[in-house]
Amino acid sequence: KTVSTSSASGGSFRYANASGSSVTVTFVGSSLAWVAKKSPAYGKAKVIVDGKTVVTVDLYSASTLWQTKVWETGNLTPYLHTVKIEWTGTKSSAATGTNISLDAFDIQGSLD
């Protein structure tokens, strides 16, 4: 779902809270950073890089935080890479929901 707000990069962000929800970005380059909204109602997402699960990212925050770099690949071999972010339906005990969000990607390289 897309939400328009001046607090987000480019004036809007997307969020998910349903089974099967994911986003995939393919790029040629050496790094990617995921920028997202963090919130009391936000849960955990699984990050998969080039077909391998690398981390679970918790988007919970006691207060709402905008345009936050929540995860990055680090330096990769400059090549074709795929990053997939999946909704897990899980959350920390303090969170009130399981939403995940995507505000922007910061890529060193170019989209494929």
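Just so it is clear, the model here is predicted, and its values are computed rather than measured. (Residues numbered from 1 in each chain as written. Predicted model: local features only at pLDDT ≥ 70, side-chain atom pairs only at ≥ 80, totals over all residues. Heavy atoms only, no water.)

Draft legend 1. Broad picture of the environment of Gln108. As for its placement among the helices and strands, Gln108 is situated in strand β9 (residues 104–111). The exposure class assigned to Gln108 is partly exposed, which follows from its relative accessible area of 45%. Put simply, Gln108 and Phe27 are 81 residues apart on the chain and 8.9 Å apart in space, counted from C-alpha to C-alpha. Ignoring anything within four residues of it in the chain, the contact list for Gln108 reads Val28, Gly29, Ser30 and Ser31. (Helix = DSSP H or I, 4+ residues; strand = E, 2+ residues; numbered from the N terminus. Buried < 20%, exposed > 50% of the residue type's maximum accessible area, 1.4 Å probe, protein only. Contact = heavy atoms within 4.5 Å.)

Draft legend 2. Region of interest: the pairing of strand β7 (residues 79–87). Sheet topology note: the strand β3 (residues 22–38)/β7 ladder contains 8 bridges and is antiparallel. Its bridge partner being in β7, Thr24 is matched across the sheet by Lys84. When strand β4 (residues 44–49) meets β7, the two strands line up antiparallel, connected through 5 bridges. Following the sheet pairing, Val47 is matched in β7 by Ile85. (Pairing = 2+ DSSP bridges.)

Draft legend 3. Seen up close, the packing of aromatic side chains. In the structure shown here, the tally under the stated rule is 1 aromatic pair. Here the aromatic rings of Phe13 and Trp66 are separated by 5.4 Å at their centres, their planes lie at 75°, and the arrangement is edge-to-face. Residue Phe13 is found in strand β2 (residues 12–16), and its partner Trp66 is found in strand β6 (residues 65–72); the two are separated by 53 residues along the sequence. Taking relative accessible area as the criterion, Phe13 reaches 5% and is therefore assigned buried. By relative accessible area, Trp66 is classed as partly exposed at 30%. (Phe/Tyr/Trp six-rings, centres within 6.5 Å; stacked < 30°, edge-to-face > 60°.)

Draft legend 4. Region of the structure containing the pattern of salt bridges. A complete count under the given rule lists 3 salt bridges for this structure. Across the pair Glu86 and Lys46 runs a salt bridge, and its minimum N-O distance is 3.4 Å. Placement of the pair is Glu86 in strand β7 and Lys46 in strand β4, with a sequence separation of 40 residues. With a relative accessible area of 19%, Glu86 lands in the buried category. By relative accessible area, which is 28% here, Lys46 ends up partly exposed. (Salt bridge = Lys/Arg side-chain N within 4 Å of Asp/Glu carboxyl O.)

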